[in-house]
Amino acid sequence: MKADAKREPALRLVKRDSISPARAVIVRAVAIIAALLVCGIFFITVTDSSIIEIYSAMVSGTFRNSITINTFFREACMLLIIAIGLAPAFKMSFWNVGGQGQVLAGGMAAAMWLFYLGNKLPNAAILPLMFVSAAIGGGIWAIIPAVFRVKFSTNETLFTLMMNYIAIQLVKYLRISWSPIHALGMIQRKSGSLPALFGNADGLIYVIAAVGVVLMYIYMNKTKQGYEISVVGEAPNTARYAGISELKVILRTAFLSGAVCGIAGFLYVSAIDHTISETMGGGYGFTAVIVAWLAKFNPIFMTLISMLISFVRSGSSEIVSRNTTTLDSSIANINIGIFLFFMLGCEFFLNYKVVFRGRKDAKK
Amino acid sequence: MFKKLIALMLASLFVLLAFAACAEDAADTGAYGTSGTKELAKSGVVSTTAADVAEGTKKELKIGVVLIGDNTETYSKAHIDGIRTACTNLGIDPDDSSKVIWKMTVGEDAGCTAAIDDLVAQNCNLIITNSYGHQTYTQAAAEKYKDKDIQFIAMTGDTALSSGLTNLSNAFTEVYQARYVSGVVAGLKLKELVDAGKIADKNKDANGNIKIGYVGAYPFAEVVSGYTAFYLGVKSVVDNVVMSVSYTSSWHDSDKEAEAAKSFISDGCVIISQHADSEGAPMAVQNAYNEGTVVYSVSYNVDLTSLGDAILTSATNNWAVYYEYAIKTAMNGGKIATNWIGGYAQDAVKITALGKEAAAGTEAKVNEVIADIKSGKLHVFDTSKFTVGGKTVTWAYATDTDGDFNYDANNVITDGYYHESYTQSAPSFTLRIDGITELNTGN
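The model shown is predicted, which means the values in this text are computed figures rather than measured ones. (Residues numbered from 1 in each chain as written. Chains lettered and ligands numbered in written order. Predicted model: local features only at pLDDT ≥ 70, side-chain atom pairs only at ≥ 80, totals over all residues.)

Side note on the overall build of chain A
Reasoning step 1: The helix and strand inventory of chain A stands at 14 helices and 2 strands.
Reasoning step 2: Dimensions of chain A, computed from C-alpha atoms along their principal axes, come out at roughly 85 × 65 × 35 Å.
Reasoning step 3: Of all 364 residues assigned to chain A, the portion counted as buried reaches 45%.
Reasoning step 4: Within chain A, counting contacts between residues at least 6 apart in sequence, those at least 24 apart form 79% of the total. (Helix = DSSP H or I, 4+ residues; strand = E, 2+ residues; numbered from the N terminus. Buried ≥ 20, exposed ≤ 12 C-beta atoms within 10 Å, placed from the backbone. Contact = placed C-beta atoms within 7 Å.)

Let's talk about the interface of chain B and chain A
Reasoning step 1: Counting from both sides, the interface comprises 32 residues of chain B and, opposite them, 29 residues of chain A.
Reasoning step 2: Those elements giving two or more residues to the side of chain B that touches chain A turn out to be α1 (2-23), β3 (100-103), α3 (110-121) and α4 (135-144) of chain B.
Reasoning step 3: Along the lines of polarity and charge, the residues of the side of chain B that touches chain A split into 16 nonpolar, 11 polar and 5 charged. (Nonpolar A, V, L, I, M, F, W, Y, C, P; charged D, E, K, R; others polar.)

Some thoughts on the pairing of strand β11 (residues 311-317) of chain B
All names here are of chain B.
Reasoning step 1: For β11, the tally of buried residues reaches 7 of 7 residues, placing the bulk of the element in the interior.
Reasoning step 2: For strand β10 (residues 296-300) and β11, the ladder comprises 4 bridges, and the chain directions are parallel. Each bridged residue has a counterpart across the sheet, and for Ser299 the counterpart in β11 is Ser314.
Reasoning step 3: In the sheet, β11 pairs with strand β13 (residues 349-351) via 3 bridges, with the strands oriented antiparallel. When the bridges of β13 are listed, Thr316 appears paired with Lys350. (Pairing = 2+ DSSP bridges.)

Observations concerning the sheet that holds strand β15 (residues 409-411) of chain B
All names here are of chain B.
Reasoning step 1: The strand order across the open sheet formed by 3 strands is β1-β14-β15, and the pairing between neighbours is antiparallel. The sheet is open, and its two borders are formed by β1 (32-33) and β15, each paired with just one other strand.
Reasoning step 2: Note that β1 and strand β14 (residues 395-399) share 2 bridges and pair antiparallel. Looking at the pairing, Tyr32 lines up with Ala396 of β14.

Section: the domain arrangement of chain A
All names here are of chain A.
Reasoning step 1: Here chain A is partitioned into domain 1 (1-49 + 323-364) and domain 2 (66-314).
Reasoning step 2: Taking only C-alpha atoms, the centre of domain 1 and the centre of domain 2 are 31 Å apart.
Reasoning step 3: Taken together, the 7 residues of domain 1 in the interface contact 7 residues of domain 2.
Reasoning step 4: Its residues assigned to classes, the side of domain 1 that touches domain 2 comprises 5 nonpolar, 1 polar and 1 charged. (Domains from an automatic or database assignment.)

With respect to unusual backbone geometry
Reasoning step 1: Here the phi dihedral of Phe198(A) falls at roughly 50 degrees; this positive angle occurs in a residue that is not glycine.
Reasoning step 2: Take Phe198(A): it is sitting in the loop between α7 (156-178) and α8 (203-222).
Reasoning step 3: Phe198(A) gets classed as exposed once you count the C-beta atoms within 10 Å, which come to 8.
Reasoning step 4: Its identity as a non-glycine residue notwithstanding, Thr156(B) has a phi of 65 degrees, on the positive side.
Reasoning step 5: Locating Thr156(B) in the fold gives a position in the loop between β5 (151-155) and α5 (160-163).

Examining the nonpolar core
Reasoning step 1: One finds Ile81(A), Ile82(A), Ala83(A), Ala292(A) and Val285(B) to be the most contacted residues of the largest nonpolar core, which totals 243 residues.
Reasoning step 2: Among the elements that line this core, the one with the most residues is helix α11 (residues 246-272) of chain A, at 16 residues.
Reasoning step 3: Shared between two domains, this core takes at least three residues from each, and those domains are domain 1 (1-49 + 323-364) and domain 2 (66-314) of chain A.
Reasoning step 4: Once residues within four sequence positions are removed from consideration, Ala292(A) is found in contact with Ala83(A), Leu86(A), Ala87(A), Phe90(A), Phe297(A) and Met302(A). (Core = buried A, V, L, I, M, F, W, Y, C linked by C-beta atoms within 7 Å.)

Printed below as a string of structure tokens:
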């Protein structure tokens, strides 16, 4: 018995067959609480505040007044829109990490109309043009790697990643060539700004995010095309056997994925930034990858995770502005990093269980 | 389907190209003239200092500061120091986050809007942005929050007046005066070198003029005004001098600035000055000096004499003068001037301590020049001291009314000199005078 125990490692991992929904919720809740604790401890070490002050600052920084609440929801919505764009591609096992580039490509297409025709066309004409060309621009940015994957079996992860850098350089080039004084600043034009809804300049962003989530849910779960996506993603051979054209599905889905990201770019240009810059979207193209993956493409989870990340972001920046002599804005990224680490970590524990040496169920 | 899409895209591309072609109108000339005169424009700037601010109903002030850099970058450091001094003088603790909120390393992009929104959300009622490129975002925020009781200041900006917004202000210093004085310091050193026979043939161009160099950031008026003033300061002491200007296309790029300085040094330039915010160029000069090259540096923003003996002085701003005025005005419930300007007369500009190698008698000469600037006896941009295309300039516009970046209104030359920072606080001088060569376009 003793010799037997020696050969057995101290702990090992066993894949779970399934986990009850209640248990899954508990594991996730524990992960979020642990992440909050680590964030709090991190802040205690870098500031003079107590843990209560830290958490109350995070809450008040997010919900202090209508401006902060609006920022909180807007950031969550932008993250969510990009995440629902990435979801269908992931479900098809097309690893699109080019969300950032697709947002920029859409933004460039929209900004082009704004820059050249923002004084010449009325809103009713220019906004649809900006919207459609942003979707096409983002779509093209995603379909290029898709074509290469289908025709030449290139690795789409690397390809979409590299497309990000091309987009970033193009934006830098446009900023210089469009602006006679080198720093483009805001593109101040008579038209091309998204109108306010219910007196809120970001109102339409909320509507687009809400409609987008519902439409994407229906598309992925209730339509033939959505079904084709999951078949191609999970069982390419079955897809071939069933007569589904892999080429058509991959190209169509990649285009759709990029187009939704491109629409996010349109929103940045027409409603939020009113210009383009390579920092547009603040790296959400990458964060959204984790949002989509964590939520298993479930729209409700995507919404919740987006809101959680937006909360951590605004809460962290509040703590930074209370301690500006010692902290700077990169703190928010550190905290989002801590959260994502725990969220990804908990996925591991949902799929595997840790078995200690000598425990009964190890023998099963 | 895809073919149709591609056709559609190509069509829209052609349309855009056509528009782009139309947009490139020929640049209009007629921004200045060398014969005849025009009526002097109306001055749009004030130079009130804190001492003159009337006491009023005290208002609870919360200041929000948006900076392009932080303490490690000389331009922003000068602003941070200025605001801290002003706050301390007015009894505000600059480290109390319920009184002053600092936003450092904010880019000239949408991050600026986010920073300002956050400051507004935290109830700041005086918001300052310190870089020229922040201005469009500051202006948009002033427009967005015009119903709130918030004053915005876009430092070094130039659109407060034309925007028509009453809650937006611009401010600048007459740092060109300090540049001129730093040029005099360089000129005196040059004269000493000439008298000592230390100027070799490689330090002169084909016409026997001594070569000096200037590392600029961008070809903006702010930079052109500065290097022209510096050159005229040098020239007021040593007449046979020519200057080359090299743009780095960045306000702060240590490597590019060092590279530009090294290129000047190998070309034989004896004095190298700069309008860029890193220590790249002065370090390069100091290194060459250590290796025995005859070369000296006149820097910007901060005292760099600690780098070594090759550093003669720096032209710098004393931003505290303006900030104290602006903060005190806001505290007393007043309206901050739309365009503020201050020079030697307001103690808003100066040169830093002279280096060890500065020529004998520099201090006395510098004080004399400063006194003449203050009294109005000496004007930096005296039109009898420079020419454009070989001719004396008799009138020059200083305002761009149609947004094409060419001046088309408001003459500022009269009484024999160019009135810098006269219609608005930001510098307007963009004449390219004889004796100065731009080596690149800064694009």
